[in-house]
Amino acid sequence: MSIRWFRNVLIDNRKSTIEIQVGDKKIGDKCYTRINQETELWFENSYHERSDIIDQGIDILKKRLCGRTVANPDGTPYEWN
């Protein structure tokens, strides 16, 4: 059973979803990030704790979205924490 972290955001003023998966059979065995419906970007996790794996996925998403505007659905700046 996988655990997924989802957030609805605006990326460059367009409704979007960002996602992190942190496991399939156990925490951290199959990890990926995804933006909207694009193909998953799988990554090797460096940690064993769910919160650390999510932080690693957030760092990946931040790098992928560098140079783009990410905001909450109400238009306020998105806080990655």
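Computed from a predicted model, the values in this text were never measured in an experiment. (Residues numbered from 1 in each chain as written. Predicted model: local features only at pLDDT ≥ 70, side-chain atom pairs only at ≥ 80, totals over all residues. Heavy atoms only, no water.)

## What about the overall build of the chain?
Secondary structure assignment for the chain yields one helix and five strands. Starting at the N terminus and walking to the C terminus, you meet the elements of the chain as β-β-β-β-α-β. Computed over C-alpha atoms, the radius of gyration of the chain comes to 13 Å, within 12% of the 12 Å expected from 2.2 N^0.38 for 81 residues, which places it in the range of a compact globule. Principal axes of the C-alpha set define a box for the chain whose edges measure 35 × 20 × 20 Å. Counting every position in the chain, which comprises 81 residues, the buried fraction comes to 36%. (Helix = DSSP H or I, 4+ residues; strand = E, 2+ residues; numbered from the N terminus. Rg over C-alpha atoms; globule rule 2.2 N^0.38 Å. Buried < 20%, exposed > 50% of the residue type's maximum accessible area, 1.4 Å probe, protein only.)

## Some points on the side chain of Arg 34
In this structure, Arg 34 sits in strand 3 (residues 27-35). Residue class for Arg 34 comes out buried when judged on its relative accessible area of 16%. Once you skip the residues sitting within four places of it in the chain, Arg 34 turns out to touch Thr 17, Ile 18, Glu 19, Glu 40, Leu 61 and Arg 64. (Contact = heavy atoms within 4.5 Å.)

## Some details on the confidence of the model for the chain
One rule of thumb: low pLDDT means the predicted coordinates there are not for detailed reading. For the chain, per-residue confidence averages 91 on the pLDDT scale, and residues scoring 70 or more make up 93% of the total. At the low end of the mean pLDDT range in the chain sits strand 3, at 85; at the high end sits strand 5 (residues 70-71), at 98. (pLDDT = per-residue confidence, 0-100.)

## With respect to the packing of aromatic side chains
Counted under the stated rule, the structure contains two aromatic pairs. Judged by centre distance (5.0 Å) and plane angle (70°), the rings of Tyr 32 and Trp 42 are edge-to-face. With a gap of 10 residues between them, Tyr 32 in strand 3 and Trp 42 in strand 4 (residues 41-43) connect regions that are remote in the sequence. An angle of 90° between the planes, with centres 5.0 Å apart, marks the rings of Tyr 78 and Trp 80 as edge-to-face. As far as burial versus exposure is concerned, Tyr 78 and Trp 80 are alike and both buried. (Phe/Tyr/Trp six-rings, centres within 6.5 Å; stacked < 30°, edge-to-face > 60°.)

## Comments concerning the nonpolar core
If you look at the biggest cluster of nonpolar residues, it comprises 17 residues, and the most contacted ones within it are Trp 5, Ile 18, Ile 20, Leu 61, Leu 65, Tyr 78 and Trp 80. Residue assignment for this core shows that the elements contributing at least two residues are strand 1 (4-11), strand 2 (14-23), strand 3 and helix 1 (50-64). Once residues lying within four places of it in the same chain are set aside, the contact partners of Ile 20 are Ile 3, Arg 4, Trp 5, Tyr 32, Thr 33, Ile 54, Gly 57, Ile 58 and Leu 61. (Core = buried A, V, L, I, M, F, W, Y, C linked by side-chain atoms within 4.5 Å.)

## Some remarks on the environment of Thr 69
Locating Thr 69 in the fold gives a position in the loop between helix 1 and strand 5. Separated by 25 residues in the primary sequence, Thr 69 and Glu 44 place their C-alpha atoms 27 Å from one another. Those residues in contact with Thr 69 that sit more than four places away from it in its chain are Leu 10, Ile 11 and Asp 12.

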